[in-house]
Amino acid sequence: MGILDNKVALVTGAGSGIGLAIAQSYAKEGAKVIVSDINEEHGNQAVKKIRAEGGEASFVKADTSNAEQVEALVKSTVEIYGRLDIACNNAGIGGEQELTGNYSLDSWRKVLSVNLDGVFYGCKYELEQMEKNGGGVIVNIASVHGTVAAPLSSAYTSAKHAVVGLSKNIGAEYGQKNIRCNAVGPAYIETPLLESASGDMKDILIAKHPMGRLGKSEEVAELVLFLSSDKSSFMTGGYYLVDGGYTAI
Ligand SMILES: NC(=O)c1ccc[n+]([C@@H]2O[C@H](COP(=O)([O-])OP(=O)(O)OC[C@H]3O[C@@H](n4cnc5c(N)ncnc54)[C@H](O)[C@@H]3O)[C@@H](O)[C@H]2O)c1
């Protein structure tokens, strides 16, 4: 018996890092999982991994910054598994590192299109389907930069703050429709997103966490699983940190 038995879950950006860990934990708890990613190879590998662990999963390719593809993704989820109970809008990118005054227009648009538009498109079509189901749960992956600055990454900080606001709005609007929505704020987590960071940069990042280390994807997945399950049945419109103390100082 798992806490997500008979549930159908969708995870975007599930081919790697935090999204993969979330998809694995959903499947371990009994959910049928749609693994979605822009990267087909990584998405298919994630499905293989989940099936090897005894779970049920299928891959659907989608670029979350494209509204039509996200609409089609939700439609495919229902075609494959019959309904949609849980959605985790996780796909995200880091973007250019520049002072705000030097930030390129292209990079600003790119980061906002994936990290904010993509989450909005996800929520929009997931909510439509969840209303048809009679309920559901959405978890949006924001960041500690949904509440504190990431110097040299103003597009990232702006998008993540907006994801927190969007999640609050959905919580406020859908409370009586049996649909809950929360945002999660991880600090720095060991994933491929951080692979480009140099050793010195990693040390600087580690020093910002009172726990003296970076987080693990599985530690984020634990919180997301809780927020996706009935164990968090009175929680909506919230923003929950999993940050090793990053924002405490
Ligand atoms: N790693 C961290 O330190 C950290 C900290 C806080 C928040 N986050 C957030 O967690 C989420 C996942 O990050 P991660 O560290 O696991 O990154 P990652 O790069 O390991 O994985 C991101 C996945 O998203 C996919 N993706 C990228 N653009 C996409 C698009 N347009 N459509 C569909 N899929 C797309 C990638 O192919 C990849 O598989 C992001 O939203 C990120 O901002 C990460």
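The structure presented is a predicted model; accordingly, all values stated were derived computationally and were not measured.

Caption draft 1: Seen up close, the pattern of salt bridges. Following the criterion strictly, the structure yields seven salt bridges and no others. For Glu219, the salt bridge is made with Arg213, and the minimal N-O distance between the two is 2.7 Å. Judged by its relative accessible area of 31%, Arg213 falls in the partly exposed class.

Caption draft 2: Seen up close, the packing of helix 1 (residues 17–28) against helix 7 (residues 217–228). One way to put it is that helix 1 packs onto helix 7 with a least axis distance of 8 Å and a crossing angle of 50 degrees. Here helix 1 lies oblique to helix 7, going by the angle between them. In terms of crossing hand, the pair formed by helix 1 and helix 7 is right-handed. The residues of helix 7 that touch helix 1, namely those facing Gly17, Ile18, Ala21, Ile22, Ser25 and Tyr26, are Ser217, Glu218, Val220, Ala221, Val224, Leu225 and Ser228. Classifying every residue of the contact of helix 1 with helix 7 by side-chain character gives eight nonpolar, four polar and one charged.

Caption draft 3: A look at unusual backbone geometry. Of note, Leu152 is a non-glycine position whose phi angle comes to about 80 degrees, a positive value. Relative to the assigned elements, Leu152 resides in the loop between strand 5 (136–141) and helix 5 (154–174). A residue is classified by how much of its surface remains accessible, and Leu152, at 40% relative accessible area, is partly exposed. The residue Asn178 is not glycine, and still its phi comes out positive at about 65 degrees.

Caption draft 4: Seen up close, the site of the ligand. Contacts to the ligand come from 29 residues, most closely from Ser16, Asp37, Asn90, Tyr156 and Thr191. Between the ligand and Asp37 there is a distance of 2.6 Å, counted from an oxygen atom to a side-chain nitrogen or oxygen. Within the backbone of Ile38, a nitrogen or oxygen atom sits 3.3 Å from a nitrogen atom of the ligand. Calculation on the ligand without its partners gives an accessible area of 830 Å², and the protein chains cover 92% of this total. At a threshold of 2 Å from the grid points, most atoms of the ligand map onto the largest pocket. Those elements that provide at least two residues to the shell around the ligand are helix 1 and helix 5. Residues of the shell around the ligand, tallied by class, amount to 16 nonpolar, 10 polar and three charged.

Caption draft 5: Just the side chain of Ser153, in detail. Looking at where Ser153 falls in the secondary structure, it is placed in the loop between strand 5 and helix 5. Not counting residues up to four positions away in its chain, the partners in contact with Ser153 are Glu96, Gln97, Glu98 and Tyr103.

Caption draft 6: Spatial organisation of the pairing of strand 3 (residues 56–61). Bridge count for strand 2 (residues 32–37) against strand 3 is six bridges, and the pairing is parallel. Across the sheet, the residue bridging to Asp37 is Lys61, located in strand 3. What joins strand 2 to strand 3 is helix 2 (residues 40–52), and the crossover it makes is right-handed.

Caption draft 7: Quick look at the layout of surface pockets. Of the pockets and cavities examined, the largest pocket occupies roughly 1200 Å³. Forming the walls of the largest pocket are 47 residues, and the residues nearest its centre are Ile93, Gly94, Tyr156, Leu193 and Leu194. Where the lining of the largest pocket is concerned, the elements lending two or more residues are helix 1, helix 4 (105–133), helix 5 and helix 6 (199–207). Each residue belonging to the lining of the largest pocket can be placed in one class, and the counts come to 25 nonpolar, 17 polar and five charged. Volume-wise, the second largest pocket comes out at about 290 Å³. When residues of the lining of the second largest pocket are traced back to their parent elements, those giving at least two are strand 5 and strand 6 (179–186).

Calculation rules
Residues numbered from 1 in each chain as written. Predicted model: local features only at pLDDT ≥ 70, side-chain atom pairs only at ≥ 80, totals over all residues. Heavy atoms only, no water. Salt bridge = Lys/Arg side-chain N within 4 Å of Asp/Glu carboxyl O. Buried < 20%, exposed > 50% of the residue type's maximum accessible area, 1.4 Å probe, protein only. Axes fitted to C-alpha atoms, helices over the stretch in contact; angles between N-to-C directions. Helix = DSSP H or I, 4+ residues; strand = E, 2+ residues; numbered from the N terminus. Parallel < 35°, antiparallel > 145°, perpendicular 65-115°, else oblique. Left-handed = near helix turned anticlockwise from the far one by under 90°. Contact = heavy atoms within 4.5 Å. Nonpolar A, V, L, I, M, F, W, Y, C, P; charged D, E, K, R; others polar. Near = heavy atom within 4 Å. Polar contact = N/O pair within 3.5 Å; in protein donor to acceptor, adjacent residues only side chain to side chain. Areas by Shrake-Rupley, 256 points an atom, 1.4 Å probe, with all protein chains shown as cover. 1 Å grid on protein atoms, 1.4 Å probe; cavity = no way out; pocket = protein on both sides within 12 Å on 5 of 7 lines; lining within 4 Å. Sits in = over half its atoms within 2 Å of the grid points. Pairing = 2+ DSSP bridges. Right-handed = clockwise from strand over helix to strand, strands pointing away. Points joined across faces, edges and corners; volume = space filled by probe spheres on them.

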